[in-house]
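Chain and residue survey
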Amino acid sequence: MYPSLTLILGGAASGKSAFSEQLVDSTGKPRVYLATSQVFDDEMRLKVEQHIMQRGPDWTTIEEPLDLGPALSELTADQVCLVDCATMWLSNHLLAESDLDKARTDLLTALRDCEAQVVVVSNEVGQGIVPDNALARKFREAQGRLNIALAAEADLVVQVTAGLPLVLKGQLP
Amino acid sequence: MYPSLTLILGGAASGKSAFSEQLVDSTGKPRVYLATSQVFDDEMRLKVEQHIMQRGPDWTTIEEPLDLGPALSELTADQVCLVDCATMWLSNHLLAESDLDKARTDLLTALRDCEAQVVVVSNEVGQGIVPDNALARKFREAQGRLNIALAAEADLVVQVTAGLPLVLKGQLP
Amino acid sequence: MYPSLTLILGGAASGKSAFSEQLVDSTGKPRVYLATSQVFDDEMRLKVEQHIMQRGPDWTTIEEPLDLGPALSELTADQVCLVDCATMWLSNHLLAESDLDKARTDLLTALRDCEAQVVVVSNEVGQGIVPDNALARKFREAQGRLNIALAAEADLVVQVTAGLPLVLKGQLP
């Protein structure tokens, strides 16, 4: 069975995570939160803890910064999983000096094989001025390619701006 | 009576101010321009003077960089007010080291209590690469929260891209 | 005869070029690729060569970084031309210290006078944090003004996000 995949796009602090959590809550299914962030400093720790408090106790949380395949393969068809977020995951791979094309292909395969309904949150990072440094430009390109691949695979793509959804592909349930 | 609130979102030089001024002009009501910019250098002075010339003499201009409450409370139900812009206002509070959560809450209260129709212009700043410095990241977060709060309160939310409107909430008059 | 003009907007790596090429391919007309990029380093050379390979042999390629007028004036009504992209063209003029207002006006005149159908690709660069340096801010303003002018002139304006089109003006064929 091919499970449905949803992609939620938005800028930083656009309300995309809150919107995604509402979407997942509305399924009424057991909820899994697949957290990709690595906590390096107090600023990030604070964000992670705020997010956990906001979600409440009805979520199972899995933390996995790099290889999402094993976690996704263990999900069952009655579950819904929120991957938050693809941008942090890509950033972890960039820092780990992974082959970004392989990482992207592997993620797409894992999403295709996953039996649960999956909602992936991802950032738009390409609408500012060209960054000064080559690493940021490389990241911008890789994020763009990842978003294009996820959007092509997804049944539903929603762009969130100031907390408001705009459907780019498919239809909101 | 609860007055209608409109939020106009857009990037830098997206045509959001020109679009907002046309929207305000189309009401046929006495127009108040609530300017939030502080002029620090020639680059900003030039922009302010260009904007005043573009608006023409049919506008009353009020300059207030920080506390918009008093100005908004003096407006009457027959007026329409353009707040240009929430991003500059937020930036002024950041530089003044204000409590940004309190400033946002106070602004929302003042908008709710205002008797005039209000159009607020605000920037989208979260769709580039993560900024290097912590102050810029803090601003990005605060701008996001402000836009989400304004959008939740507004009857009409319009995103302007290359001068073209896209309605995210409500309906254009 | 007034030819139709299409503007394709999008962030970096948003899929806007691929979408534009499909749009041009779908016309069934002889295709001209008007490339505006100047190759300064290996990173850019790689991008140019990847793009040429992706387009395939059915395209005539013209390289012109600054004055697009002569190339546009030689096109005929049976042709379709993809200008890729207006952002690189503007950047070339900024580096050449051209009068940007004059360059924009000249480009608009050349597009108006051109007999072929033209699709112009352009970037959105104004949705990040305000850049540190004055040149980047100047570019952001000039890019905004250019996009507004092109959008006002165009019959069709499409914003591409993660490879997905959103029509801002007109109608997709």
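Residues numbered from 1 in each chain as written. Chains lettered and ligands numbered in written order. Predicted model: local features only at pLDDT ≥ 70, side-chain atom pairs only at ≥ 80, totals over all residues. Heavy atoms only, no water.

**Regarding the packing of helix α5 (residues 100-113) of chain C against helix α6 (residues 134-153) of chain C**
Residues and elements named next belong to chain C.
- At their nearest, the axes of α5 and α6 sit 11 Å apart, and the two run at 20 degrees to each other. In terms of orientation, α5 and α6 fall into the roughly parallel class. The chirality of how α5 crosses α6 is right-handed. Facing α5, whose interface residues are Leu100, Asp101, Arg104, Leu107, Leu108, Leu111 and Arg112, α6 presents Lys138, Ala142, Arg145, Leu146, Ala149, Leu150 and Glu153.
- Here the residues of the contact of α5 with α6 sort into eight nonpolar, no polar and six charged. (Axes fitted to C-alpha atoms, helices over the stretch in contact; angles between N-to-C directions. Helix = DSSP H or I, 4+ residues; strand = E, 2+ residues; numbered from the N terminus. Parallel < 35°, antiparallel > 145°, perpendicular 65-115°, else oblique. Left-handed = near helix turned anticlockwise from the far one by under 90°. Contact = heavy atoms within 4.5 Å. Nonpolar A, V, L, I, M, F, W, Y, C, P; charged D, E, K, R; others polar.)

**Points about the pairing of strand β2 (residues 31-35) of chain B**
All names here are of chain B.
- Counted residue by residue, β2 has five buried out of five residues, so it is predominantly covered.
- Side-chain alternation along β2 places Arg31, Tyr33 and Ala35 on one buried face and Val32 and Leu34 on a second face that is also buried.
- Summarising the sheet, β2 and strand β4 (residues 80-84) pair through five bridges and their orientation is parallel. By the bridge assignment, Val32 is partnered in β4 with Cys81.
- As paired strands, β2 and strand β3 (residues 59-63) are joined by five bridges and run parallel to one another. (Buried < 20%, exposed > 50% of the residue type's maximum accessible area, 1.4 Å probe, protein only. Pairing = 2+ DSSP bridges.)

**Remarks on the interface of chain B and chain C**
- Counting from both sides, the interface comprises 21 residues of chain B and, opposite them, 19 residues of chain C.
- Contact between chain B and chain C buries roughly 1,600 Å² in total, counting both sides, with carbon and sulfur atoms accounting for 61%.
- Counting every contact that joins chain B to chain C gives one salt bridge.
- Among the elements that make up the side of chain B that touches chain C, the one with the highest residue count is helix α6 (residues 134-153) of chain B (three residues).
- Class assignment for the residues of the side of chain B that touches chain C results in nine nonpolar, eight polar and four charged. (Buried area = accessible area lost by both parts, 1.4 Å probe. Salt bridge = Lys/Arg side-chain N within 4 Å of Asp/Glu carboxyl O.)

**A few points about the UniProt feature "active site" (unreviewed entry) in chain A**
Residue and element names in this part refer to chain A.
- Taking the numbering used here, the UniProt-annotated feature "active site" (unreviewed entry) corresponds to His51.
- Structurally, the position occupied by His51 is in helix α2 (residues 42-55).
- What makes His51 partly exposed here is its relative accessible area of 26%. (UniProt positions renumbered as here; feature names shortened; annotations may be inferred.)

**Comments concerning the sheet that holds strand β6 (residues 156-161) of chain A**
Residue and element names in this part refer to chain A.
- Strands sit in the order β3-β2-β4-β5-β1-β6-β7 across an open sheet of seven strands; the sheet is mixed. Each having just a single partner strand, β3 (59-63) and β7 (164-169) make up the two edges of the open sheet. For this sheet, the mean inter-axis angle between neighbouring strands, taken without regard to orientation, is 20 degrees.
- With five bridges joining them, strand β1 (residues 5-10) and β6 adopt parallel strand pairing. The residue bridging Thr6 from the neighbouring strand is Leu156, located in β6.
- Its contacts with the sheet put helix α6 (residues 134-153) on β1, β5 (117-123), β6 and β7, and the angle it makes with β1 is roughly 140 degrees.

**Overview of the nonpolar core**
- In terms of nonpolar packing, the biggest core is built from 108 residues, with Leu72 of chain A, Leu72 of chain B together with Leu72 of chain C touching the most fellow members.
- In this structure Leu72 of chain C touches Leu34, Cys81, Val83, Leu107, Ala110, Leu111, Cys114 and Val118 of chain C, once residues within four positions along its chain are discounted. (Core = buried A, V, L, I, M, F, W, Y, C linked by side-chain atoms within 4.5 Å.)

**Observations concerning the relation of the copies chain C and chain A**
- Each copy superposes on the other: chain C lies on chain A with an RMSD of 0.0 Å after a rotation of 120 degrees and an axial shift of 0.0 Å. One copy is carried onto the other by what is essentially a three-fold rotation axis. Using C-alpha coordinates, one finds that chain C approaches the rotation axis most closely at Gly128 of chain C, a distance of 2.5 Å. (Least-squares fit on C-alpha atoms with pLDDT ≥ 70 in both.)

**Focus: the packing of aromatic side chains**
- Applying the stated criterion across every chain yields a total of three aromatic pairs over all chains.
- Ring centres of Tyr33 of chain A and Trp59 of chain A lie 6.0 Å apart, and the angle between their planes is 80 degrees; on these two criteria the pair is classed as edge-to-face. Of the two residues, Tyr33 of chain A sits in strand β2 (residues 31-35) while Trp59 of chain A sits in strand β3, which places them 26 residues apart along the sequence. With respect to burial, Tyr33 of chain A and Trp59 of chain A carry one shared label: buried.
- If you follow Arg55 of chain B out to its NZ or CZ, it ends over the ring of Tyr33 of chain B, 3.2 Å from the centre. (Phe/Tyr/Trp six-rings, centres within 6.5 Å; stacked < 30°, edge-to-face > 60°. Lys NZ or Arg CZ within 6 Å of the ring centre and 35° of its normal.)

**A word on the sheet that holds β4 of chain B**
All names here are of chain B.
- Overall, mixed pairing links the seven strands, which are arranged β3-β2-β4-β5-β1-β6-β7 in an open sheet. This sheet does not close on itself; its edge strands, each paired only once, are β3 and β7 (164-169). When strand polarity is set aside, the average angle formed by the axes of neighbouring strands in this sheet is 20 degrees.
- Of the strands in this sheet, β1 (5-10), β5 (117-123), β6 (156-161) and β7 are in contact with α6, which crosses β1 at around 140 degrees.

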